[in-house]
Amino acid sequence: MIIKKREMPLSLKKLEALERRLPKKRPTVEVLARQMAGFKGELAIDFSLSFLPSEHYWFIHHKRKPLPIEALVVMANERTIVRHASAASASFSEKIIPCGRIPKYIINIEQTYIKAHYSERELESLSELLLKQHQELDNDILKQFQIDRSEIISGVQCQVCSRYAMEWDRRRWQCPYCRFRMLNAHAKALEDYSLLFSPTLSNRDARKFLHLTSPNYTKHILQRCSKSFIGKTREKKYLLR
Ligand SMILES: [Zn+2]
């Protein structure tokens, strides 16, 4: 039974937003490629786990709470070769397996632990508790890579020619280069804002980032795109995620 499905981690979403909005190539590109490969590896492991009978096993993905578990290194890439220098590490090498061998490994573990430690009901309440306590890592990505916020490209991106140049033209966004038009092109830009700067922003912050001049239209956009708001009048901050 999959209790918590794997979702793209917030840190990876932030890296992608950063890649989209940095004017020139930065070392982040390499980090992004590494993290993306890791995420794809986790998906490959999910595929292997799907061969286990779902009614007998409980999986909670991306948990950050430590639990007493069997140590195991799973190679998502089946062609990975691991070499170790010491002969004493034979037992260690048994703990390194390709992901295709996970089902068999888990079934072997099951035979080792005959006694049931938790009832179905206890597992249910335990998983509820774990999910409640789970907090995703919400790092400040600009600080992490020592990037000044002035380096981030602002504006609404055109989905056709990729320029950050879309302009609000009465009732929709329009690209002055390729003439592509879109109604809610601001949504992706606001998502990038929330990932790179802050999950909250004021009408003024939004105008600056979206290159809008009208506070009224900006208010209209923010009311539609935000989950809630805090404060009043000019101090009002909209919550994006
Ligand atoms: Zn365009």
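Let me sum up the structure you'll find in this document. No experiment lies behind these values; they were computed from the predicted model shown.

Definitions and cut-offs
- Numbering of residues starts from 1 in each chain and follows the order in which that chain's sequence is written.
- Where totals are concerned, whole chains, interfaces and linings use all residues; where local detail is concerned, this predicted model gives features only for residues with pLDDT of at least 70, and gives and counts side-chain atom pairs only at 80 or more.
- Axes here mean lines fitted to C-alpha atoms, for a helix over just the part in contact, with angles spanning 0 to 180 degrees between N-to-C directions.
- Per the convention used, a helix needs a DSSP run of H or I reaching at least four residues, while a strand needs a run of E reaching at least two, with both numbered from the N terminus.
- Reported orientations rely on four angle classes, namely roughly parallel under 35 degrees, roughly antiparallel over 145, roughly perpendicular from 65 to 115, and oblique for the rest.
- Two residues qualify as being in contact provided that their C-beta atoms, derived from the backbone, are within 7 Å of each other.
- Residue polarity follows a fixed list, in which Ala, Val, Leu, Ile, Met, Phe, Trp, Tyr, Cys and Pro are nonpolar, Asp, Glu, Lys and Arg are charged, and the others, Gly among them, are polar.
- Two strands pair if DSSP finds at least two bridges between them.
- It is the rotation of the near helix from the far one that decides the hand of a crossing: anticlockwise by less than a right angle makes it left-handed, clockwise makes it right-handed.
- Each residue is classified by how many other C-beta atoms fall within 10 Å of its C-beta atom, where C-beta atoms are placed from the backbone; a count of 20 or more means buried, 12 or fewer means exposed, and values in between mean partly exposed.

1. Re the packing of helix α8 (residues 203–210) against helix α9 (residues 215–225)
Helices that pack against each other are described as a pair by the angle of their axes relative to one another and the distance between those axes.
Thought 1: With their axes 9 Å apart at the nearest point, α8 and α9 run at an angle of 100° to one another. In terms of their interaxial angle, α8 and α9 are classed as roughly perpendicular. Seen from α8, the contacting residues are Asn 203, Ala 206 and Arg 207; seen from α9, they are Pro 215, Thr 218, Lys 219 and Leu 222.
Thought 2: When its residues are assigned to classes, the contact of α8 with α9 shows 3 nonpolar, 2 polar and 2 charged.

2. Here we look at the sheet that holds strand β7 (residues 181–182)
Thought 1: An order of β5-β6-β7 is seen for the 3 strands of this open sheet, with the pairing classed as antiparallel. At either margin of the open sheet sits one strand with a lone partner, and together these are β5 (167–169) and β7.
Thought 2: Bridge count between strand β6 (residues 172–174) and β7: 2 bridges; the pairing is antiparallel. Counterpart to Gln 174 in the pairing with β7 is Arg 181.

3. Remarks on unusual backbone geometry
Thought 1: Phi angles above zero are rare outside glycine, and Ser 162 is one such case at about 70°.
Thought 2: Locating Ser 162 in the fold gives a position in the loop between α6 (141–144) and β5.
Thought 3: Here Arg 170, not a glycine, exhibits a phi torsion of approximately 55°, which is positive.
Thought 4: Structurally, Arg 170 can be placed in the loop between β5 and β6.

4. What to know about the sheet that holds strand β9 (residues 228–230)
Thought 1: Taking strand neighbours across the sheet as the criterion, the 3 strands line up as β8-β10-β9 in an open arrangement whose pairing is antiparallel. This sheet does not close on itself; its edge strands, each paired only once, are β8 (200–201) and β9.
Thought 2: Strand direction decides the pairing type here: β9 and strand β10 (residues 237–239), joined by 3 bridges, are antiparallel. Directly across from Ser 228, in β10, lies its bridge partner Leu 239.

5. Quick look at the packing of helix α1 (residues 10–21) against helix α7 (residues 186–196)
Thought 1: At their nearest, the axes of α1 and α7 sit 9 Å apart, and the two run at 115° to each other. Between α1 and α7 the crossing geometry is left-handed. Residues Lys 13, Lys 14, Ala 17, Leu 18, Arg 20 and Arg 21 of α1 lie in contact with α7, whose contacting residues are Asp 192, Leu 195 and Leu 196.
Thought 2: Across the contact of α1 with α7, the residue classes tally to 4 nonpolar, no polar and 5 charged.

6. Digging into the environment of Thr 218
Thought 1: Relative to the elements of secondary structure, Thr 218 occurs in helix α9.
Thought 2: In this structure Thr 218 comes out as buried when scored by C-beta crowding, with 23 C-beta atoms within 10 Å.
Thought 3: Once the C-alpha coordinates of Thr 218 and Arg 204 are considered, the two residues, 14 residues apart in sequence, prove to be 8.5 Å apart.
Thought 4: Contacts of Thr 218, omitting those with residues within four sequence positions, involve Asn 203, Ala 206, Arg 207 and Leu 212.

Treat this as a map of the structure, not an account of what it does.
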